[in-house]
Structures are given as C-alpha cells and as structure tokens.
Amino acid sequence: NERLYHYDAMSHSLEQRAANATAPVAVSRDAVVVLLSAISWREEWKYGLRGPRYTYLDAGHAIGAVLQAARAFGWIGYVADHLADAELAALLGINDSLEAPVAAIVLDRRDGVAAAPQPTGDVTWYGAARPLAPRSWSHSAVDALASAVVKPTTPPRQ
C-alpha cells in the first residue's frame, strides 16, 4: 500500500495525506519518492519579475540537499525528470494556480531491486492542506512565464 505524506514545517512532522497512491517511477519496495512543490508568488511579491528565478533556484538547492543527505546515509538518488508537471500535480493533489510542482526525487537503498509501478486503484485522500493566503501580487510577464515553462512528459533516461 503506497502512502503519500506531507511534511508539516510547523510541527516538524509527517502527515499522511493519501493511501493507494501509485509511485510515479519504477522503485524497489524500500524506495522513497520525495515530491517538491513551490509557491512562486511568495517570492514574486518581494522580488517582482525575478521571483520565479529565485523560486527555482531555491528548489534546486532543496533538491541538492535531499540528494546529498541520501548519499550520506548510503542511499542512491536521482530526479525523475521525465514526468510532466501535470503528473506531478496529480500526485501532489495540487489543483490550483498558486502552487506548482517542481520535482520528483527517487531515493533508494543501493541494493534495492526496482519494480515497475503498479496502479493501486483510486487514491484515498486524508485531511486537507492549510489554505494558502490569496495571491497579493500579479504581473502579466510572470503569468506568461509560468504558462511558458509547464513541462510536458519526456522519455525517461536510459
């Protein structure tokens, strides 16, 4: 049974958000898939048109930190960069324009044997995310950029 958890920074804990979630990539039984999302307007109100750039710079640092922490514990990790934004949004349960999917990071033990993802049926969602504050800043150029950088599905690396 695949479970989806949300990291709650306020309580420094994991909250189960879904059951029967299908892993987005082939993973071993012991693997963990870390999904990252971003709320770009939190940077946009302060930095204006540079906001999205800083958002994804911060996301790159988060990805690097997760991969380095995994390596320190003897795990291997990689970014599953073939997934489309729409696939990640569905996995994260994102259904609004304030939050955007960023990455899926696969972490696995070095001796893990990968298995193809098996659809587990309908996802059962638990709880609710804290509501986001309304977007307080908007610019047509930022909105155009957000539309232009939506990632489609690409072939997995061999």
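The preceding data block contains the structure.
Presented here is an overview of the structure given in this document. (Residues numbered from 1 in each chain as written. Predicted model: local features only at pLDDT ≥ 70, side-chain atom pairs only at ≥ 80, totals over all residues. Heavy atoms only, no water.)

### Re the sheet that holds strand 3 (residues 32-38)
1) Next: With respect to topology, three strands assemble into an open sheet ordered 3-5-4, the strand pairing being antiparallel. Looking along the sheet, the strands with just one partner apiece sit at the ends: strand 3 and strand 4 (75-79). On average, adjacent strands in this sheet sit at an angle of 20 degrees to one another, irrespective of strand direction.
2) Next: Relative to strand 5 (residues 100-109), strand 3 is paired through seven bridges, and the arrangement is antiparallel. Residue pairing in the sheet places valine 33 in a bridge with valine 106 of strand 5. (Pairing = 2+ DSSP bridges. Helix = DSSP H or I, 4+ residues; strand = E, 2+ residues; numbered from the N terminus. Axes fitted to C-alpha atoms, helices over the stretch in contact; angles between N-to-C directions.)

### A look at the nonpolar core
1) Next: Core analysis: the biggest nonpolar cluster contains 13 residues, and Val25, Leu35, Ala80, Leu83, Leu88 and Ala104 have the highest contact counts within it.
2) Next: Listing elements by their share of this core, those giving two or more residues are helix 3 (85-92) and strand 5. (Core = buried A, V, L, I, M, F, W, Y, C linked by side-chain atoms within 4.5 Å. Buried < 20%, exposed > 50% of the residue type's maximum accessible area, 1.4 Å probe, protein only.)

### Observations concerning unusual backbone geometry
1) Next: Even without a glycine there, the phi angle at histidine 12 is positive, about 50 degrees.
2) Next: Mapped onto the fold, histidine 12 is located in the loop between strand 1 (3-8) and strand 2 (13-19).

### Details of the environment of proline 152
1) Next: Within the secondary structure, proline 152 is located in the segment after helix 4 (140-148).
2) Next: Judged by its relative accessible area of 51%, proline 152 falls in the exposed class.
3) Next: Along the chain, proline 152 and glutamate 87 lie 65 residues apart, while their C-alpha atoms are 9.1 Å from each other.

### Points about helix 2 (residues 51-72)
1) Next: Between its terminal C-alpha atoms helix 2 stretches 32 Å, which fits the 32 Å expected from 22 residues at 1.5 Å a residue.
2) Next: Restricting attention to buried positions, one finds in helix 2 the residues Gly51, Pro52, Thr55, Ala59, Ile63 and Ala70. Angularly, the buried residues of helix 2 cover 115 degrees about the axis, an arc narrow enough to put them on a single face. Turned more than 90 degrees from where helix 2 packs its buried face, Arg53, His61, Gln68, Arg71 and Ala72 sit exposed.
3) Next: Those residues of helix 2 that are buried lie in contact with strand 3, helix 1 (41-47), strand 4, strand 5 and helix 4.
4) Next: Count one or two residues on from helix 2 and you reach glycine 74, which has phi positive near 85 degrees. (Expected span 1.5 Å × (residues − 1). Arc of directions from axis to C-beta. Contact = heavy atoms within 4.5 Å.)

### Remarks on the packing of aromatic side chains
Each aromatic ring pair is specified by the distance between its two centres and by the angle formed by the two planes.
1) Next: For the structure on display, the rule yields one aromatic pair.
2) Next: Taking 4.8 Å as the distance between ring centres and 80 degrees as the angle between the ring planes, the aromatic pair formed by tyrosine 47 and tyrosine 54 counts as edge-to-face.
3) Next: Note on tyrosine 47: relative accessible area 31%, which makes it partly exposed. (Phe/Tyr/Trp six-rings, centres within 6.5 Å; stacked < 30°, edge-to-face > 60°.)

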